[in-house]
Amino acid sequence: MTAELSTTVNSFLSFKLGEELFAANVGKVLEILELSKITKVPQSPNYMRGVINLRGNVLPVVDTRIKFGMPEIADTINSCIIVLDIDIDQESVKVGLLVDMVQEVLHIDAENVQPPPSIGNKFKSEFIKGMGKVDDEFVMILDIDHVLTTDEISIIQSSVNEPVQEEKKKTTTRRKKTATASKASK
Amino acid sequence: MENLQEIFKAEANDLIEDLEKSLFSLEQNPEDKSLIERVFRVMHTFKGNCNMFGFETMGDFTHSLETIYDLIREGKLQLSEEILNITLLSVDHIRCVLDDGELANEENRKNHEKLVTGIDKIINENIGQIKSVAKDSPPVQQANEERLSTYYILFRPKDYILKDGTNPMYLLDELAALGKSKVSVHLHDIPRLDAIDAETCYIFWDIYLTTKAPITTIEDVFIFVVNDCQLEVHKIADENLLENKDFVEKIDKELSYKENIDVEELQKFVNSLYQNNQEAEVKKDELKTTSTSVNTGKKETSVSSIRVSSEKLDDLMNLVSELVTTQASLSLFAEQSNIPELMAIAENMEKISRRLRDNTFSICLIPIENMLTRFQRLVRDLSQELGKKIELKTEGTDTELDKSIIESLADPILHILRNSIDHGIEDVETRKKQGKNEKGTILFKAYYSGTNVIIEIKDDGKGIDPEKIRSKAISKGLIDENAQLSEKEMLDLLFLPGFSTAQQVTEVSGRGVGMDVVMRKISEIRGDVSLESKKNEGTSTIIKLPLTLSIIDGLLVKIKETFFVIPLASVGKVYEVNREKVTDTFNNLVVLDGRQVPFLNLHEEFTLKDDIPDLLQMVVVNYDENEVGLTVDEIIGEYQAVLKPLGKLYKDIDIISGATILGDGTIALVLDTNKIIKNFSEKTYKMEEIK
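Residues numbered from 1 in each chain as written. Chains lettered and ligands numbered in written order. Predicted model: local features only at pLDDT ≥ 70, side-chain atom pairs only at ≥ 80, totals over all residues. Heavy atoms only, no water.

What to know about the packing of aromatic side chains
Inspection of the entire model under this criterion finds five aromatic pairs over all chains. Where F15(A) meets F22(A), the ring centres are 5.9 Å apart and the plane angle is 20°; that geometry is what we call stacked. Residue classification places F22(A) among the buried residues on the basis of a relative accessible area of 0%. Their ring planes at 15° and their centres at 5.7 Å tell us that F155(B) and W205(B) sit as a pair that is stacked. Remark: W205(B) occurs in strand 3 (residues 204-211) and F155(B) occurs in strand 1 (residues 149-157); sequence separation between them is 50 residues. Each member of the pair F155(B) and W205(B) is classed as buried. Taken together, the ring pairs in this structure connect F15(A), F22(A) and F68(A) into an aromatic cluster. If you follow K67(A) out to its NZ or CZ, it ends over the ring of Y47(A), 4.1 Å from the centre. Residue placement shows R156(B) over the ring face of F204(B); its charged tip is 3.9 Å from the ring centre. (Phe/Tyr/Trp six-rings, centres within 6.5 Å; stacked < 30°, edge-to-face > 60°. Buried < 20%, exposed > 50% of the residue type's maximum accessible area, 1.4 Å probe, protein only. Helix = DSSP H or I, 4+ residues; strand = E, 2+ residues; numbered from the N terminus. Lys NZ or Arg CZ within 6 Å of the ring centre and 35° of its normal.)

A closer look at the interface of chain B and chain A
Counting residues at the interface gives 23 residues for chain B, matched by 25 residues for chain A. The junction of chain B with chain A conceals about 2,100 Å² of combined surface from both sides, 65% of it contributed by carbon and sulfur atoms. When the area that chain B buries against chain A is broken down by residue, the three leading residues are K648(B), L649(B) and Y650(B), summing to 34%. Across the chain B-chain A interface, the total number found is zero salt bridges. Counting across the interface, chain B meets chain A through one residue pair in polar contact (both at pLDDT 80 or more). Those elements that provide at least two residues to the side of chain B that touches chain A are helix 11 (310-337), strand 14 (562-567), strand 21 (656-661) and strand 22 (667-671) of chain B. (Contact = heavy atoms within 4.5 Å. Buried area = accessible area lost by both parts, 1.4 Å probe. Salt bridge = Lys/Arg side-chain N within 4 Å of Asp/Glu carboxyl O. Polar contact = N/O pair within 3.5 Å; in protein donor to acceptor, adjacent residues only side chain to side chain.)

Structural notes on the pattern of salt bridges
All names here are of chain B. This model, assessed by the stated rule, comprises 20 salt bridges over all chains. K573 is paired through a salt bridge with D593; the nearest N and O atoms lie 3.1 Å apart. Of this pair, K573 sits in strand 15 (residues 571-578) while D593 sits in the loop between strand 16 (589-592) and strand 17 (595-600), placing them 20 residues apart in sequence. Given the relative accessible area of 44%, K573 is considered partly exposed. Where salt bridges share partners, they join E20, E27, D92, R377, R380 and D381 into one cluster.

Things to note about the confidence of the model for chain B
All names here are of chain B. Looking at chain B, the pLDDT average stands at 76 and 84% of residues meet or exceed 70. Low pLDDT, under 50, characterises residues 130-145; the stretch is placed with 17 contacts to residues that sit more than four places away or in other chains. Counting interchain partners and residues more than four positions distant, the pLDDT-below-50 stretch residues 279-300 has 46 contacts. Scoring of the predicted complex yields 0.49 for pTM and 0.72 for ipTM. (pLDDT = per-residue confidence, 0-100.)

What about unusual backbone geometry?
Positive phi values are uncommon outside glycine, yet Q43(A) reaches one of about 60°. Within the fold, Q43(A) resides in the loop between strand 3 (29-34) and strand 4 (48-54). Within the chain, K560(B) stands out as a residue other than glycine whose phi angle is a positive 50°. Relative to the assigned elements, K560(B) resides in the loop between strand 13 (551-559) and strand 14. K560(B) gets classed as partly exposed once you look at its relative accessible area, which sits at 29%.

Now the structure itself:
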C-alpha cells in the first residue's frame, strides 16, 4: 500500500497490551499471525523478541510490551504477531509486533482524533499520533514508523508513574463495550 | 513505447558486448573468416534493430561500419589495426549514444561526425583501390540498399503440408510480392490419378526471385513452415538476372526439368554469364551470406537462451526455499502418519524439490567469462595509451559464480588490472634490458578450490619493492620507523586506506584509493584478497570467493533451544569436553590433543548461562591461523544453509551473519565466528587494560 493511501485511510487495527488499547493504521498492517516459535538472537536488545519464519523469510519480532515499558508476561493463547510494513530510512521493512490481543478494525474519522495530551500521558507524545475517540472511549493511535525506528529501548516517559492506576480503571470499563477480540480481522 | 525502447537497449547492450568480444577474437586471428562473418552479422542485426526502433542515426552509422566489414569479407579490404581501432571507438560511441538517439549532446555529435568521417575515409580509400567500382554506385552504402539481387529458392514442402492447412500458393504469392520472380514447378512425383491422395502434396518449386530485400526477408516468408519443408535460399547474383536473356533461356530450357539443381553449377553458370557480359563489373559474390539450409533448425544464431530479469530469479529463489521448507514439513508429517502412499508421495516430492533447488541455484550461476570483455578492453586501451605491449591471457573462464558476486567483482578486478598495467609491467625498453619478452603478460586464472572460487591475476612485471612500501608507510606514519615486518606483512600494508605506492599520480591509478577499496569491496561479498610478489618476476593478486552468497555449508549445532550454523569452512575439529573444564577455569584455556586451545563459552556469550549440560561439544574453528574453541550443547550435523538477512532492525548485531530456515520451519542463526572471536578478544583486552 502506498504511503499516501495509508495515511488517508481512516481505519485502524486496535490491539491490547495489558489493559491499554492501541491502534495502528490498517494501511501499515499486512497480516496477523498466531504465535509461533520465536528464535532469540543473542546479544540483541531485550525488546527484540527474536525472529520467526514467515513462509521462508525471516521476520524480526518486537516485544511490544517491553518496548512500551510494560512488565514482561508469559505468552497466552491470545498473544499474536501483527505483521507491519514500516518505513526505515525510506526503505520499507517488514516487522512483527508481538501484542497481547488483537481487537478489531475501528473506523475513526479525522475529526474524532484529538492530539495527545501533553500532561499526564504515560507515553512520550512523539510516538502517539493522536487519541482516537470511539464511543466515548479513547484509543492511542501509534506512529508506528516512529516507534520502531527509534533506538530508545522504551518509549515510556521515565518520570511519570502515578497516572497508571487511573488509566487502568478507565480502560477496564471501556473493554466491556468493545466487541470481543476477533483475530481474523483483516 | 518506453518499454520497447528498454528492450531495444537491453538487446543493444548484448549485441555491443558480443561485437566487442568478436572484435577481440578477430584481433587475435585476423585471418579467421568466420569471425569477420560474426562481426558483420552482429552489426547487421544491430542496424536492423536501430531502424526498427527509430534510432535512424545509429542505424546509418552502423551501416557504414558494416560496409567496411562487408568489404573485408569479400576480400577487398585487408583488416588493419586502423580499422579495428575505429571500430572499437565506434562501439564505444554507440554505447554512449544509446541514451541520446538524436545526438542532442554536443560532444556526442562531434564524436559522431569524427567517426563518420573516419569510416568514410576507410571505405573510400579502399574503394579507390578496387579496380573500377561500378559506375552507377558511388556511395557504397546506398548502392547496397538499392541493388537488386537474384536468389534461387528451392521450396519442397513435406507431403503432409496440406493437412496442416498450409496453402503453399500463398507463400509463393508472398514471394512474388517481393520482386520479380520466375517459378518452375516440378511435377515428377505426382503418381497416377487413381493413386493420388488429395491431401498429399506431391509437387515442389524452384523459384528465381529478383528483389531488393535481403535474404532474411525471404526466409521470413517461410517462417511458419520451416519445419515442414526443405528450403534452400541462395543468392546467386547481385543484379537482376531475370533480365538477362541467357539466364532466362537456361531456366526455361534446362533447369525447369531438372529435378535437383546443383547450386554450385548454377553459380558457375551465373559467373560465366557475368564475365561474358560485363568484364568490368566486379563480381560481388561467391554465394553471399552463405547458403542457409533451413531444413534442420532455424538459423544457427537461433536463441539458445532467454532474458530474465534478476528480480524474477530472486523471486524464484525465494519460492524454491519456501517449497523446500514446506516439503520438509510434509516429509515429517508423512513419516509420523504411517500411511505408505503418503510416504511415497512425500519421498517423490523431496526428490523433485531437491532437483528444483539445485537447478534454481545453478541458474543464478554465470561463468566468469561474462566479464572478461571489459578486462580485455582495458588491457588493450591502457597498454596502447601507455606505450606498453601487454597481452591478457585467460584460463578457466568457464568457472561459474553467483551473479551477484560477479556484479560486485568487476570493479575490483579492473582496479587490480590497472595496477598491473600501470605499475607492474615495465615499458618495452626496460623489459628488453632485463632480458624479458618485450610483450608483458597478465594471466587471469580462475578455478575451484573446495567451496571457493579462486581468481588469480598474475603479471610478469617488476613486482613490488618491499623497501618502497616500507619507506612509504613510514612517511605516511602507518608504521614505526623501527618496525620489523615480514614480507607478507609488508604487502598487507598495501591494503591500508590511503596507501598508494605510485610515485607519480597518473590518470590510471595511484589516486590514493587503491587496494583498500579492492579489499573492502571483496570482503563485502565475503571474499578475501592477498598479494604475492617477487621482485622483477611479477605480482600475483589472489582473490578467494565463496561459490554463492546465498548458500553456505555449515555445521548445525544447538545451544539450549536455539539452532546455530557454524560455517564449515572455518571448522577444524570437534571435541567432547566436560562441563567442569569449561566452567571452572580462570583463563579460558582447554587442553585438546595435548595442546592448549583458547575457548569461548557461547552459553556465556549469548547470555544463556544456566543449565549448561554435563557434556559439551567443543567446535574448534580457525581464526587468523590460530585455533579457537567454541562450546555448544549438541552437534546436529552438516547442513546446507540458505542465508537470509536478519533485516535492518538487527543491523547492529554483527556476530550473526544471517539466518536460515530448517526443514521443520525453525530458524537457525548463522554465526560469524571471526566476528565473535574478534569481539571477545577485544573485550578481554579492554578488561586487562582496566586492571
